[in-house]
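# Examination of the molecular architecture
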Amino acid sequence: MAEDNDSSQEKTEEPTPRKLEKAREDGQIPRSRDLTTTFILLAGSIGLYVFGQLISLSMQNLTINNFTLARAEVFDTNAMYAHLGSSFYEGLMSLVPLLFMLLVASIVGPIALGGWLLSAKAMAPKFSRMNPLAGLKRMFSVKALVELAKSLGKVAVVMAVAMFALFFWQQDMLQLAAEETRVGIVESLQISAYATIAMSAVTILIAVIDVPFQMWDHSKKLKMSRQEIKDEHKDTEGKPEVKGRIRQLQREMAQRRMMSKVPEADVVITNPTHYSVALKYDPENMATPILLAKGVDHVALKIREIAKVNDIDIIQSPVLARAVYHTTEIDDEIPAGLYMAVAQVLAYVFGLRAYRRGRGDKPLYPRDINVPRDMRFDG
């Protein structure tokens with residue numbers, strides 16, 4: 001038994017949909033910081049390449065305007081304020097396209113893996129994280145060492161690409177000293193853009209490795225034991241005794257609804273002791289008779305009692321009662337094979353009603369009711 005319990009506690013099963021949903025409600029979804037970093041770096045480097053010339057020209061104009069001041073402007077405080085405001089506006093407008101690309105990348109990057117999530121539980125403060133001892137334990141854990149090794153590896157790869165870029169553009173950077181200021185600014189920004197794109201592209205490889213790892217690690221954390229799956233199934237579906245009680249209450253409610261329809265019946269056909277079925281037929285509104293209620297044993301007895309109280313005719317026909325009971329559901333029409341047999345009973349009932357009102361002779365009690373052989377059921 002002990003061995004069974006131990007094995008059942010091993011988290012070897014994949015998380016259930018309910019487990020994944022609850023984890024998402026708690027803010028536990030796979031996230032990759034490297035993927036977000038890749039989006040932001042690529043957006044920034046591509047934006048620098050696309051809008052670099054616009055930014056460089058704007059900065060050049062700002063430099064010229066701020067260093068070519070008239071003598072009157074130097075001693076005019078209001079003119080200096082106006083100069084500062086226009087310079088700030090022009091510089092900001094030149095950076096807006098690049099900043100917008102970075103904003104989009106900072107939003108798309110985190111939701112690319114795991115999707116959009118706004119969880120109050122995830123944003124709530126966790127006082128357990130404020131424990132210094134727990135913090136030290138996390139700092140010197142195996143996971144922290146793995147994260148440190150990953151960070152050092154990423155830094156090493158990016159530095160290697162940066163060194164390669166420096167050697168690759170070394171001659172171009174040295175020639176900038178001999179270029180005209182306007183041309184030198186543009187070329188320096190182009191070199192910076194190329195180098196940044198190259199270093200950002202390296203992070204794609206890092207993200208390709210990190211994304212599957214984060215998905216695997218997230219799934220591993222949510223793995224469940226067989227006992228947890230059983231407990232979740234009980235909580236979701238309900239314990240057997242609770243489900244049994246619910247089914248019992250549902251049956252009782254359905255039975256009460258069924259019994260409330262018995263007073264509307266035109267006839268009750270009985271076994272006479274074990275089966276009872278209540279039928280209704282309105283020639284003006286119904287194509288065929290329908291079954292209002294049916295039951296066996298004490299339910300059958302209750303149907304007969306209600307029928308007697310409401311002066312509903314009771315016909316004894318064991319074969320027909322069993323046939324209707326086994327072939328027809330509540331509120332359904334009787335099957336075509338029983339049309340003739342039920343018609344015999346209803347003709348007698350309607351004739352008896354007319355006789356009681358003084359409109360005709362008393363009909364003969366239906367004794368030879370013909371039920372097809374394939375619709376006969378043993379008692």
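Residues numbered from 1 in each chain as written. Predicted model: local features only at pLDDT ≥ 70, side-chain atom pairs only at ≥ 80, totals over all residues. Heavy atoms only, no water.

### Side note on the packing of helix α3 (residues 33-67) against helix α10 (residues 181-221)
The test is simple: Working convention: axes come from line fits to C-alpha atoms, limited for helices to the stretch in contact. Angles between N-to-C directions cover 0 to 180 degrees. Secondary structure is summarised from DSSP: a helix means a run of H or I of at least four residues, a strand means a run of E of at least two, and numbering begins at the N terminus for each. These descriptions rest on fixed angle ranges, namely under 35 degrees for roughly parallel, over 145 for roughly antiparallel, 65 to 115 for roughly perpendicular, and the rest for oblique. Amino acid classes used here: Ala, Val, Leu, Ile, Met, Phe, Trp, Tyr, Cys and Pro are nonpolar; Asp, Glu, Lys and Arg are charged; the rest, including Gly, are polar.
One can describe the packing of α3 onto α10 by two numbers: an axis separation of 7 Å at closest approach and a directional angle of 170 degrees. Overall, the two elements α3 and α10 adopt an arrangement that is roughly antiparallel. When grouped by side-chain class, the residues that make up the contact of α3 with α10 number 18 nonpolar, nine polar and four charged.

### Regarding the environment of Val202
Basically, it comes down to this: Throughout, exposure labels follow a simple rule: accessible area from a 1.4 Å probe, protein chains only, divided by the maximum for the residue type, with under 20% read as buried, over 50% as exposed, and the rest as partly exposed. Residues count as neighbours in contact if any of their non-hydrogen atoms are within 4.5 Å of one another.
Summarising the element assignment, Val202 is placed in helix α10. For Val202, a relative accessible area of 14% puts it in the buried group. Along the primary structure Val202 and Lys154 are separated by 48 residues, whereas in three dimensions their C-alpha atoms are 9.1 Å apart. Apart from the residues within four sequence positions on either side, Val202 is in contact with Val157 and Val161.

### Some words on the UniProt feature "transmembrane region" (unreviewed entry) in the protein
We count it as follows: UniProt positions are given in the numbering used here, feature names are shortened, and annotations may be inferred rather than shown by experiment.
Mapped onto the present numbering, the UniProt feature "transmembrane region" (unreviewed entry) falls at residues 39-59, 98-120, 152-171 and 191-213. From the first C-alpha to the last, residues 152-171 spans 30 Å; its make-up is 95% helix and 0% strand. As annotated, residues 191-213 comprises 100% helix and 0% strand, and the C-alpha atoms at either end are separated by 34 Å.

### Some details on the pairing of strand β3 (residues 290-296)
How we decide: For two strands to pair, DSSP has to find at least two bridges joining them.
The buried fraction of β3 amounts to six of the seven residues, a majority that puts the element mostly inside the structure. In terms of strand pairing, strand β2 (residues 275-280) meets β3 through six bridges, oriented antiparallel. In the sheet register, Val277 faces β3, and the bridge partner there is Lys294.

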